[in-house]
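One-letter residues, chain by chain:
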Amino acid sequence: MKKLFLALLLSSSLYSASLYTLDNVHSLNLYFSSEAAFLNQDKKTMLKNMVTDKLTKAGFTLGKTDASILVVKIDAIEVKGTHVIHIEVGLGEEVTTKRKDQIETFSYTYLSNKFIKTQDPDKATLEYLTLLVDEFIKAQKDDNE
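A brief structural summary. (Residues numbered from 1 in each chain as written. Predicted model: local features only at pLDDT ≥ 70, side-chain atom pairs only at ≥ 80, totals over all residues. Heavy atoms only, no water.)

Re the overall build of the protein chain
Selection rule: Strands here are runs of E lasting at least two residues and helices are runs of H or I lasting at least four, both read from the DSSP assignment and numbered beginning at the N terminus. In what follows, a contact means two residues having at least one pair of non-hydrogen atoms within 4.5 Å. To measure how exposed things are, a 1.4 Å probe is used in the Shrake-Rupley method; for residues, cover is taken only from the protein chains shown.
Each helix and strand counted, the protein chain has three helices and five strands in total. Taken from N to C terminus, the helices and strands of the protein chain fall in the order α-β-α-β-β-β-β-α. For the protein chain, the share of sequence-separated contacts (at least 6 apart) that also reach a separation of at least 24 residues comes to 64%. Accessible surface for the protein chain amounts to roughly 9,700 Å². Of this, 54% is attributable to carbon and sulfur atoms.

Some thoughts on the sheet that holds strand β5 (residues 104-118)
Filter applied, for reference: At least two bridges found by DSSP between two strands are what make those strands a pair. Angles run from 0 to 180 degrees between N-to-C directions of axes, and those axes are lines fitted to C-alpha atoms, restricted for helices to the stretch in contact.
Strands sit in the order β2-β1-β3-β4-β5 across an open sheet of five strands; the sheet is mixed. Each edge of the open sheet is held by one strand with a lone partner, namely β2 (61-62) and β5. The strands touched by helix α2 (residues 41-57) within the sheet are β1 (27-35), β2 and β3 (68-79), with β1 carrying the most contacts at an inclination of about 160°. Here helix α3 (residues 121-143) sits on the sheet and contacts β1, β3, β4 (82-96) and β5; the angle it forms with β5, its principal contact strand, is near 140°.

Here you go:
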């Protein structure tokens, strides 16, 4: 029985674009967090604006009350002149569990991230954040077609 379940799980995952479902996700609020010392306020604003522009051009409505929250989080440390950066893009939503009493909670319903080791943190952060946002947009479009 376990082998049959595993086979079904593997074969069904071949047809899905991702582990997550983004059906009917159209309204978002953006939460941008950065604990990276190399990002000053101007760079943070530029990155946040880039994400906002990409989402708007992709057809998302931003700033509505009770919308899902797209979390962009950037953390970094510097080790001997090399920056190690973690970039995360996640969709946070209020969900109801299937547990006893159907508990309402806040959960990530989409999550993608990258770890980067680089000498040029500004360029790498822009490149990989763009990649992660583009992946989110593509996954949402695939799920809504």
